[in-house]
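# Remarks on the overall topology
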Amino acid sequence: MSSSATAANARINIYGNVDSAVTCDGGYIFGTSAPASIAYVPVGAVQGSDGKIYVRFQHATTPAIYRYDVDAGMTALSNGTSLYSDTAYLNPDVTSRDMVTLEGDYVLLANWGVDAIVKLNLVTGVPDYFAKDIFTTDVNAIAIRPAQ
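Residues numbered from 1 in each chain as written. Predicted model: local features only at pLDDT ≥ 70, side-chain atom pairs only at ≥ 80, totals over all residues. Heavy atoms only, no water.

It is worth spelling out the pattern of salt bridges at this point. All chains considered together, the criterion is met by 1 salt bridge. Residues Asp69 and Lys52 are paired through a salt bridge, measuring 2.4 Å at the closest nitrogen-oxygen approach. With a gap of 17 residues between them, Asp69 in strand E5 (residues 64–70) and Lys52 in the loop between strand E3 (41–47) and strand E4 (53–58) connect regions that are remote in the sequence. (Salt bridge = Lys/Arg side-chain N within 4 Å of Asp/Glu carboxyl O. Helix = DSSP H or I, 4+ residues; strand = E, 2+ residues; numbered from the N terminus.)

If you want it as structure tokens, here you go:
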């Protein structure tokens, strides 16, 4: 799954066959649904252990993470609801990107504004700092890689 948006086409696209001939299997128009504004830019998406899709949106004043239901074929998103939007952990108007799953019910998020990595519980929406110390003075330079 990936996400993309332009002012003319505010949607989240669902891609398939990412290891070969990439296909666009479906999409979700969020500019007229949740979140109902093209000012939100999707910058990361993961699937939680509950099967739902979580999308991180960048926004100039109110960045957010939304939770979506997904159909069995992984081609359609529905029921978008805001899970989290606290600017103390999601910095506004900064191009902090992506998120990565951790321990099933958690995601890690970079917060460039305070040079920290935030751990967010996808079930409760409760955040905490995962790393905020002398080692996180430039979190945009940290690369998170899957185990080999």
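Structure shown, so let's carry the discussion forward.
Before going further, it helps to examine the packing of aromatic side chains. On inspection of all chains with the given rule, the structure shows 5 aromatic pairs. Taking the centre distance of 5.6 Å and the plane angle of 85° together, the rings of Phe57 and Tyr66 count as edge-to-face. Accessibility assignment for this pair places Phe57 and Tyr66 in one class, buried. One aromatic cluster is present, built from ring pairs that chain together Tyr28, Phe30, Tyr40, Phe57, Tyr66 and Tyr68. (Phe/Tyr/Trp six-rings, centres within 6.5 Å; stacked < 30°, edge-to-face > 60°. Buried < 20%, exposed > 50% of the residue type's maximum accessible area, 1.4 Å probe, protein only.)

Spatially, E7-E8-E9-E10 is the arrangement adopted by the 4 strands of the open sheet, whose pairing is antiparallel. Of all the strands in the sheet, the pair left with one neighbour each is strand E7 (100–102) and strand E10 (127–131). Each strand of the sheet is rotated relative to its neighbour by a mean of 40°, with strand direction disregarded. Both E7 and strand E8 (residues 106–111) contribute to a ladder of 3 bridges, which runs antiparallel. Looking at the pairing, Thr101 lines up with Val107 of E8. (Pairing = 2+ DSSP bridges. Axes fitted to C-alpha atoms, helices over the stretch in contact; angles between N-to-C directions.)

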